[in-house]
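# Coordinate analysis (summary)
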Protein chains: 2
Amino acid sequence: MLLEGEFVALFGGIESGGTKFVCAAGTGPEDLCARVSIPTTSPDETIRCVIEFFREATRREKISAVGIASFGPVDLHPDSAQFGFITSTPKPGWRNTDLAGPIRRALGVPVAFDTDVNGAALAEGIWGAARGLDNFVYLTVGTGIGGGGIIEGRMIHGALHPEMGHMRVTHDWSADPFPGACPFHGDCWEGLAAGPAIEARWREKAENLPSNHPAWVLEAHYLAQGLMNVICAISPRRVILAGGVMQRAELLPLVHRETLRLLNGYLQVKEITDRMHDYIVLPTLGDNAGVLGAIALAQKLAEGSSQRP
Amino acid sequence: MLLEGEFVALFGGIESGGTKFVCAAGTGPEDLCARVSIPTTSPDETIRCVIEFFREATRREKISAVGIASFGPVDLHPDSAQFGFITSTPKPGWRNTDLAGPIRRALGVPVAFDTDVNGAALAEGIWGAARGLDNFVYLTVGTGIGGGGIIEGRMIHGALHPEMGHMRVTHDWSADPFPGACPFHGDCWEGLAAGPAIEARWREKAENLPSNHPAWVLEAHYLAQGLMNVICAISPRRVILAGGVMQRAELLPLVHRETLRLLNGYLQVKEITDRMHDYIVLPTLGDNAGVLGAIALAQKLAEGSSQRP
C-alpha cells in the first residue's frame, strides 16, 4: 500500500515499429496511465510526435527514464558512436536514424534501448507468460520471424543481437517447391515460414486459408524445425510464440505435435516431453507487450542495471 | 608475487570422456602439477581410480574443490535428485551413473559439475581463444557435434544444456544422397557433418581423404550452416571450433568462406564481415582444454559462484 505523498517513479515506453510507434507511461500492465499510437512516417515527424506525447504526459507526472524497444537492426553497443541508432533497415528513410539521442536530449532523462523482441521478452518475463523464469525465448512470427531471449537472467546481445529468423532449416523441394521469400537467404526459416511466405506460396492471405488447408500442417513443420534449432542452441525453459501468424488457434497444437515428432525423444526433459502445452506457449500481454517491454527496459535502467540488462 | 607461506588454493579437474577420464590438479595451464589419464571402463572401476589419483595428489597439497566436465547427457539441476549424474547416455554401463556424488563423498570437498563443452568453453574464455570475451560459443566436431556457450558472462544451461549438434540444416538430397548418421534425427547437423558421417558417406576415414577431395567442400557447407544457426540464435562475439575433424588445416578457411557466403551480408557486424579469420577460430588450449575446463569449474565454485556459473 502506498503512503500518502509517497513518490512512485513512472516510466516512459516507446515501442518503435515499422508501421506505428506506441508510446505509454506507467509502471506495468495495470497502470498504463497514458497511451498513444503514432504512425511511422519520416523519422523527423515521428520522433517529434513522440517527444510531444511525453512532454504532455510529464506535465502531470514525472518520468524517471524512457525505454525504447525498436525494430531493427539496431546498434546496442553502449560504446559505439551509433548506439541507439536504427542501422541497416530496408525501411525507406529510416536507415542510420538516431532514435535514442534526440529523445534523450529533448526529455532530459536516461533512455534504455533494445530490440522490440528483447523488450517483449523482458515484459513477458516480468508480467506475462514467462513470469519467474530466468531462461526463455520469445519469438514472433509475422511479417518476419524475430527472436529475443533471456539466458540465466540476462538478455542475449553479443556481437549484434539474435536474428533467429535467418537460421537454416530443412526444405524438401519436392514437397514444397516454393523457393522462400527472404531477400538475403531465400529459404531460411523466415523465408519459408513468415506471413509473406505463406501468402506467396499459396497465393492467398494467411487469414483467408481455411483450417483444413495443407498450409497449416506445412507451417507447423517449418515452425517446429526452427523451434528445434532454438531449443538445441539455447535450451530455454519455455518458448513464447507470438505474432500475427500464431493468432490462428489451430496452429499451436500442430506445432506442439510436430516439435515432439522432430525431437524424437532425444531431449529427456520433462518440461518438453510431458508438458509441451506449457513449454511452447502463446504470449499473455497481447497488444501491449511491445510498449510494456519498453517500460520494462526503462525500469531496469532506472534500477541501476546497465543499459544492456 | 606470492609471499612466503601464503596459501595457494589448488583445484582438481576431471574431464570425463567416453574413452578416458583425464584428471589433474593445479590452478591453470601453467601449473598442472599432476595429470593422469584413466581408461573409461566400468563406472565403479573408473571412479575408484579417479578417487585414488586425487587422494595421492592431495597428500602433498590440499585441493579446495574439484570440477567435473563430463560427457552427457548430464543432470545439471542442483535441486534434482539426479544432480551430478550421467543420465541417458548410450554408453554401455554408464546410464544413470552418479559421478559427482561418490567423488564428493570420498574427497570431502565441494564438487562442480557441468558438460565437457561448457567446461572447455569456460577454460578457453579464461586462458584461451576467447580470453576477455563475455559472449562466445565453443563447438567441437568429432564423433559428434557438441556446443557450449557463455552469454553475458554466464554459461548456458536452461532446461537441460545446449545440444547444438541436433539442429536442423538444409540437406540437398540430389547433391548429397547420404541420409545422415544420427540415430535420433537422421540428417540433423551432427548426422550430416560429424566424423562418423564423413566416414559413412565417403566409405573412408576422414584422415585418409586427400585435401582436394570434394568431402571438404561439402563438410564446410554443412559446418557453415550450423554456424549460421548458432550465430543467428546467440549472436556470439566469437566461435571456437574444436574437435578432431577441425584438425584438417584446409577446413577452417573453407568454413570462413562458406559462412560469409551463406550469411550473404545480412549481419552488418565488422567482427563478422571484416574479421572472419578472428571470428571463427581454432581453440588454443589443445589437449588440456577439457581438464582445464574442469579446473575452471572448480575455481568458479570455490570463488563462491553457484554450481551453475
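Residues numbered from 1 in each chain as written. Chains lettered and ligands numbered in written order. Predicted model: local features only at pLDDT ≥ 70, side-chain atom pairs only at ≥ 80, totals over all residues. Heavy atoms only, no water.

### Describing the overall build of chain A
Regarding its fold elements, chain A presents 9 helices and 12 strands. Computed over the C-alpha atoms, the radius of gyration of chain A is 20 Å, within 12% of the 19 Å expected from 2.2 N^0.38 for a compact globule of 309 residues. Seen through its C-alpha atoms, chain A measures out along the principal axes to roughly 65 × 45 × 35 Å. Counting across all 309 residues of chain A, residues that qualify as buried make up 59%. Accessible surface, chain A as shown: approximately 12500 Å² in total, 51% of it carbon and sulfur. Averaging the coordinates of the 26 positive side-chain charges in chain A and doing the same for the 34 negative ones gives two points 1 Å apart. (Helix = DSSP H or I, 4+ residues; strand = E, 2+ residues; numbered from the N terminus. Rg over C-alpha atoms; globule rule 2.2 N^0.38 Å. Buried < 20%, exposed > 50% of the residue type's maximum accessible area, 1.4 Å probe, protein only. Areas by Shrake-Rupley, 256 points an atom, 1.4 Å probe, with all protein chains shown as cover. Lys, Arg positive; Asp, Glu negative; His and termini not counted. Charge placed at Lys NZ, Arg CZ, Asp CG, Glu CD.)

### A few points about the interface of chain A and chain B
At the junction of the two partners, chain A supplies 41 residues and chain B supplies 41 residues. Interface area for chain A against chain B, summed over the two sides, is near 4000 Å², with a carbon-plus-sulfur share of 58%. Of all residues in chain A, E152, R168 and Y266 of chain A bury the most surface against chain B, accounting for 17% of the area lost on that side. On the surface where chain A and chain B come into contact, there are 0 salt bridges. For the pair chain A and chain B, the interface holds 31 residue pairs in polar contact (both at pLDDT 80 or more). Breaking the side of chain A that touches chain B down by element, the ones donating at least two residues are strand 10 (154-155), helix 6 (214-234) and helix 7 (251-263) of chain A. Sorting elements by how many residues they give to the side of chain A that touches chain B places helix 6 of chain A first, with 6 residues. (Contact = heavy atoms within 4.5 Å. Buried area = accessible area lost by both parts, 1.4 Å probe. Salt bridge = Lys/Arg side-chain N within 4 Å of Asp/Glu carboxyl O. Polar contact = N/O pair within 3.5 Å; in protein donor to acceptor, adjacent residues only side chain to side chain.)

### Let's talk about the sheet that holds strand 3 (residues 34-39) of chain A
Residue and element names in this part refer to chain A. Pairing is mixed across the open sheet formed by 5 strands, whose spatial order is 3-2-1-4-7. The open sheet has two edge strands with one neighbour each: strand 3 and strand 7 (111-115). Strand-to-strand, the axes of this sheet are offset by a mean angle of 15°, without reference to chain direction. Strand direction decides the pairing type here: strand 1 (residues 10-16) and strand 2 (residues 20-26), joined by 6 bridges, are antiparallel. Of the residues in strand 2, the one forming a bridge with G12 is A25. Where helix 9 (residues 289-302) meets the sheet, its contacts fall on strand 1, strand 2, strand 4 (63-70) and strand 7, and the angle it forms with strand 1 comes to roughly 135°. (Pairing = 2+ DSSP bridges. Axes fitted to C-alpha atoms, helices over the stretch in contact; angles between N-to-C directions.)

### Quick notes on the domain arrangement of chain A
Residue and element names in this part refer to chain A. For chain A, the assigned domains read domain 1 (10-118 + 287-302) and domain 2 (129-283). For the domain 1 and domain 2 pair, buried surface summed over both sides reaches about 900 Å², with 60% attributable to carbon and sulfur atoms. When residues of domain 1 are sorted by the area they lose upon contact with domain 2, H77, V117 and N118 head the list and together hold 53% of the total. Inspection of the domain 1/domain 2 interface yields 0 salt bridges. The interface formed by domain 1 and domain 2 holds 5 residue pairs in polar contact (both at pLDDT 80 or more) in total. Classifying every residue of the side of domain 1 that touches domain 2 gives 5 nonpolar, 3 polar and 1 charged. (Domains from an automatic or database assignment. Nonpolar A, V, L, I, M, F, W, Y, C, P; charged D, E, K, R; others polar.)

### Here we look at the relation of the copies chain A and chain B
Overlaying chain A with chain B gives an RMSD of 0.0 Å, the required rotation being 180° about an axis along which the chain moves by 0.0 Å. In the structure described here, the two chain copies are related by an operation that fits a two-fold rotation axis. Interface overlap between copies is the fraction of interface residues in one copy that are interface residues in the other; for chain A against chain B it reaches 100%, indicating a shared surface. (Least-squares fit on C-alpha atoms with pLDDT ≥ 70 in both.)

### Points about the nonpolar core
Counting residues in each nonpolar core, the largest one holds 96 residues, and the members touching the most others are L139 of chain A together with L139 of chain B. Beyond its immediate stretch of four places on either side in the chain, L139 of chain B contacts I145, G146, G147, M164, W189, L227, V230, V239, I240, L241 and A242 of chain B. (Core = buried A, V, L, I, M, F, W, Y, C linked by side-chain atoms within 4.5 Å.)

### Quick look at the packing of aromatic side chains
Residues and elements named next belong to chain A. With the rule as written, the count across this model stands at 10 aromatic pairs over all chains. Aromatic side chains F21 and W94 sit 5.6 Å apart centroid to centroid with 35° between the ring planes, which places their arrangement in the tilted category. Residue F21 is found in strand 2, and its partner W94 is found in the loop between strand 5 (85-86) and strand 6 (97-98); the two are separated by 73 residues along the sequence. For F21, a relative accessible area of 0% translates into the label buried. W94 gets classed as buried once you look at its relative accessible area, which sits at 0%. Relative to F54, the ring of F53 lies with its centre 4.9 Å away and its plane at 75°, an arrangement referred to as edge-to-face. Assigned by exposure class, F53 and F54 land together as buried. An aromatic cluster of three or more residues is present, and its members are F21, F71 and W94. (Phe/Tyr/Trp six-rings, centres within 6.5 Å; stacked < 30°, edge-to-face > 60°.)

### Details of the side chain of N118 of chain A
Residues and elements named next belong to chain A. By the element assignment, N118 lies in helix 3 (residues 116-127). The class for N118 is buried, based on a relative accessible area of 0%. Here G149 takes part through its backbone nitrogen, which lies 3.4 Å from a polar atom of the side chain of N118. A polar contact of 3.2 Å, which involves the side chain of N118, links it to the backbone oxygen of I156. In this structure, N118 is in contact with G148, G149, M155, I156 and H157, ignoring residues within four places of it in sequence.

### Describing the sheet that holds strand 1 (residues 10-16) of chain B
All names here are of chain B. Here we have 5 strands laid out as an open sheet, ordered 3-2-1-4-7, and mixed in their pairing. Of all the strands in the sheet, just strand 3 (34-39) and strand 7 (111-115) have a single pairing partner and so form its edges. Going from strand to strand, the sheet's axes swing by 15° on average, the running direction of each strand aside. Sitting on the sheet, helix 1 (residues 43-60) touches strand 1, strand 2 (20-26), strand 3 and strand 4 (63-70), and the angle it makes with strand 3 is about 165°.

### Re the confidence of the model for chain A
Residue and element names in this part refer to chain A. For chain A, the mean per-residue pLDDT works out to 92, and 96% of the residues sit at or above 70. Low pLDDT, under 50, characterises residues 1-6; the stretch is placed with 2 contacts to residues that sit more than four places away or in other chains. What the predictor reports for the complex is a pTM of 0.92 with an ipTM of 0.92. (pLDDT = per-residue confidence, 0-100.)

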